[in-house]
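# Fold and contact review
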Amino acid sequence: MAKSALLKSSIAKKVAMALSGLFLITFLALHFFINLISVFSADTFNEFSHFMGYNPLVQFLMQPILIAGVVFHFVMGFVLDIKNRSARPIGYANYNGAANASWASRNMIVSGSVVLAFLGLHFYDFWVHEMVYKYVEANTIEEGRYFPELVAKFESPVRTAIYCVSFLLLSVHLWHGFNSSFQSVGFDNKYAKALHKLGYAFAIVVPFGFIFIALFHHFNQI
């Protein structure tokens, strides 16, 4: 009875972890779309960014939900990793994990930790700056400020390199995480194979797209 309850609790946590991951993937896709616009049109990027920065629904509903989703996803990831490690048999040290699972799947906690650190830097660079600008300094609204602020962040080669490496590890994290999320929620039908391919494509296109954006703005300043 106790084992059954423990199993159900573990499954529930994995499902919650998967759902939060799929939610964050949706946000990541939107974030990528808006940032990609900066490559083609500074004015359009400013318009989109201004809408996201001052729309009450985005600021006071979606933004808190997003932050809560990020915190929940990574805390749950650490909790599940600790439980998995504690549940391994003593002889696990002799187990050849590479023969049964990919590096990405065996090191989700590693790539996830780096991605979490990157998110901290990203929040500091953009979100904290935005909050200070609007609510602490109480500056007047400037719709055209977003593009110059974005470009300025990629002036430093060190910061640009950190972003690129972080997105490489995000790609590794998504490579396993996207498809794992669908498996955890029990999505297994005739569309599953197509979704697996979509997940792998997403894990490559979006992170490397972010890398392209960072490098584009960095080298256009040289």
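Scope of this entry: the structure provided in the associated data block. None of these values were measured; they are calculated from a predicted model. (Residues numbered from 1 in each chain as written. Predicted model: local features only at pLDDT ≥ 70, side-chain atom pairs only at ≥ 80, totals over all residues. Heavy atoms only, no water.)

## Points about the environment of Leu 170
Its place among the elements puts Leu 170 in helix H7 (residues 157-184). For Leu 170, a relative accessible area of 10% puts it in the buried group. With 38 residues separating them in the primary sequence, Leu 170 and Phe 208 have C-alpha atoms 9.5 Å apart. Excluding residues that lie within four positions of it along the chain, Leu 170 makes contacts with Leu 28, Val 115 and Pro 207. (Helix = DSSP H or I, 4+ residues; strand = E, 2+ residues; numbered from the N terminus. Buried < 20%, exposed > 50% of the residue type's maximum accessible area, 1.4 Å probe, protein only. Contact = heavy atoms within 4.5 Å.)

## Details of the pattern of salt bridges
As enumerated under the stated definition, the model contains 2 salt bridges in all. The partner of Glu 130 in a salt bridge is Arg 145, with the nearest N and O atoms 2.9 Å apart. Of this pair, Glu 130 sits in helix H5 (residues 108-136) while Arg 145 sits in the loop between H5 and helix H6 (146-153), and the two are 15 residues apart along the sequence. Across the pair Arg 145 and Glu 149 runs a salt bridge whose closest N-O atoms are separated by 3.2 Å. (Salt bridge = Lys/Arg side-chain N within 4 Å of Asp/Glu carboxyl O.)

## Side note on the nonpolar core
Counting residues in hydrophobic clusters, the biggest one holds 31 residues, and the most contacted among them are Leu 28, Phe 167, Leu 174 and Phe 202. Looking at this core, the elements with two or more residues in it are helix H1 (2-40), helix H3 (56-87), H5, H6, H7 and helix H8 (192-219). Each residue touching Leu 174, except ones within four places of it in the same chain, is listed here: Ile 25, Leu 28, Phe 202, Ala 203 and Pro 207. (Core = buried A, V, L, I, M, F, W, Y, C linked by side-chain atoms within 4.5 Å.)

## Regarding H6
Buried within H6 are the following residues: Tyr 146, Leu 150 and Val 151. All buried residues of H6 project into a common sector of 130° when viewed along the axis, lining one side. (Arc of directions from axis to C-beta.)

## Details of a nonpolar patch on the surface
Where nonpolar side chains cluster on the molecular surface, the patch consists of Leu 168, Trp 175, Tyr 200, Ile 204, Val 205 and Phe 208 and spans about 540 Å² of accessible area. Of all the secondary structure elements, the ones that give two or more residues to the nonpolar patch are H7 and H8. With 4 residues, H8 is the single largest residue contributor to the nonpolar patch. Along the chain, the position of Tyr 200 falls in helix H8. (Patch = residues over 30% accessible without salt bridge, like charges linked within 9 Å, V, L, I, M, F, W, Y side chains within 5 Å. Areas by Shrake-Rupley, 256 points an atom, 1.4 Å probe, with all protein chains shown as cover.)

## Some remarks on the side chain of Glu 130
Glu 130 gets classed as buried once you look at its relative accessible area, which sits at 11%. At 2.9 Å, the side chain of Glu 130 forms a polar contact with the side chain of Arg 145. Dropping the residues within four chain positions of it, Glu 130 is found in contact with Gly 53, Arg 145 and Tyr 146. (Polar contact = N/O pair within 3.5 Å; in protein donor to acceptor, adjacent residues only side chain to side chain.)

## Concerning the packing of helix H2 (residues 42-54) against H6
Direction vectors running N to C along H2 and H6 enclose 100°, while the axes themselves pass 8 Å from each other. Judged by the angle between their axes, H2 and H6 are roughly perpendicular. Here Ala 42, Phe 45, Asn 46, Ser 49, His 50, Gly 53 and Tyr 54 of H2 lie close against H6, whose contacting residues are Tyr 146, Phe 147 and Leu 150. For the contact of H2 with H6, a count of residues per class yields 6 nonpolar, 4 polar and no charged. (Axes fitted to C-alpha atoms, helices over the stretch in contact; angles between N-to-C directions. Parallel < 35°, antiparallel > 145°, perpendicular 65-115°, else oblique. Nonpolar A, V, L, I, M, F, W, Y, C, P; charged D, E, K, R; others polar.)

Purely spatial values, then, with no claim about function.
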